[in-house]
Amino acid sequence: LTLEDLEDRRTQGLVDNPTHIGRGGLGCYVHVRVRTDGQVSKEHCRIRRDEASGTFFIKDLSRNGTTVNGEPLPKGVEFLPAGKRELEGGEMPLPGAARIGLADVLFLEFTRAQP
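Residues numbered from 1 in each chain as written. Predicted model: local features only at pLDDT ≥ 70, side-chain atom pairs only at ≥ 80, totals over all residues. Heavy atoms only, no water.

Visitor: Just give me the short version of the sheet that holds strand E7 (residues 66-68), but keep the residues and values in it.
Guide: An order of E2-E1-E13-E12-E7-E8 is seen for the six strands of this open sheet, with the pairing classed as antiparallel. Every interior strand has two partners, whereas the edge strands, strand E2 (9-11) and strand E8 (71-72), have only one. Two elements, E7 and strand E12 (residues 97-102), share three bridges in a ladder whose sense is antiparallel. Bridged to valine 68 within E12 is isoleucine 100. (Pairing = 2+ DSSP bridges. Helix = DSSP H or I, 4+ residues; strand = E, 2+ residues; numbered from the N terminus.)

Visitor: So, the sheet that holds strand E6 (residues 56-60): which residues are in play, and what are the values?
Guide: Two strands in a sheet stick together by hydrogen bonds in their backbones, pointing the same way (parallel) or opposite ways (antiparallel). Read across the open sheet, the five strands follow the order E4-E3-E5-E6-E11; overall the sheet is mixed. The open sheet has two edge strands with one neighbour each: strand E4 (32-33) and strand E11 (92-93). Of the strand pairs in this sheet, strand E5 (residues 45-49) and E6 are connected by five bridges, and their pairing is antiparallel. Paired with isoleucine 47 across the two strands is isoleucine 58, which belongs to E6.

Visitor: How would you sum up the packing of aromatic side chains? Please name residues and give values.
Guide: Taken as a whole and judged by the stated rule, the model has one aromatic pair. A centroid spacing of 5.3 Å and a plane angle of 65° characterise the contact between phenylalanine 56 and phenylalanine 110, whose relative ring orientation is edge-to-face. Of this pair, phenylalanine 56 sits in strand E6 while phenylalanine 110 sits in strand E13 (residues 106-111), and the two are 54 residues apart along the sequence. As far as the burial class goes, phenylalanine 56 and phenylalanine 110 line up, both buried. Here the guanidinium or amino end of arginine 63 rests over the ring plane of phenylalanine 79, the centre of that ring lying 4.0 Å away. In this arrangement the basic side chain of arginine 99 is found over the ring face of phenylalanine 107, its NZ or CZ atom lying 4.1 Å from the centre. (Phe/Tyr/Trp six-rings, centres within 6.5 Å; stacked < 30°, edge-to-face > 60°. Buried < 20%, exposed > 50% of the residue type's maximum accessible area, 1.4 Å probe, protein only. Lys NZ or Arg CZ within 6 Å of the ring centre and 35° of its normal.)

Visitor: Any details on unusual backbone geometry? Residues and values, ideally.
Guide: A cis geometry characterises the amide bond from asparagine 17 onward to proline 18, with omega recorded as 5°. Counting through the fold element by element, proline 18 comes out in the loop between E2 and strand E3 (19-22). Positive phi is not limited to glycine here, since asparagine 69 has a value of about 50°. Structurally, the position occupied by asparagine 69 is in the loop between E7 and E8.

Visitor: Residue-level account of the layout of surface pockets, with values.
Guide: Considering only enclosed or pocket space, the largest pocket measures out at about 160 Å³ in volume. Around the largest pocket, the lining is made up of 14 residues, and of these Ser41, Lys42, Glu43, Arg63 and Phe79 lie nearest the centre. Residue composition of the lining of the largest pocket, by class: four nonpolar, five polar and five charged. (1 Å grid on protein atoms, 1.4 Å probe; cavity = no way out; pocket = protein on both sides within 12 Å on 5 of 7 lines; lining within 4 Å. Points joined across faces, edges and corners; volume = space filled by probe spheres on them. Nonpolar A, V, L, I, M, F, W, Y, C, P; charged D, E, K, R; others polar.)

Written out as structure tokens, the structure is:
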């Protein structure tokens, strides 16, 4: 992943499977922490690599949405008074190169490494 946020521009490999991306914070651990405004959720999305096929999948875990190459992902969670609940399904395959939008305010460039 390549991203540019309020801190700097950097490239970060996806070494954890799954990889959680967001602002993080108290009680919310993320593997890729972004520094930006509150429109990006503490836990915004998740990228998972299927070990058998090598395919990467992404799931939206936010209130304000996630896009891949401009296309919105289906909601992956519902927000209840007691907190959020993850919905079944909702994972979408990630192409080998993709522009991931977090709440349309921060964009990440995903490039799959060649084996």
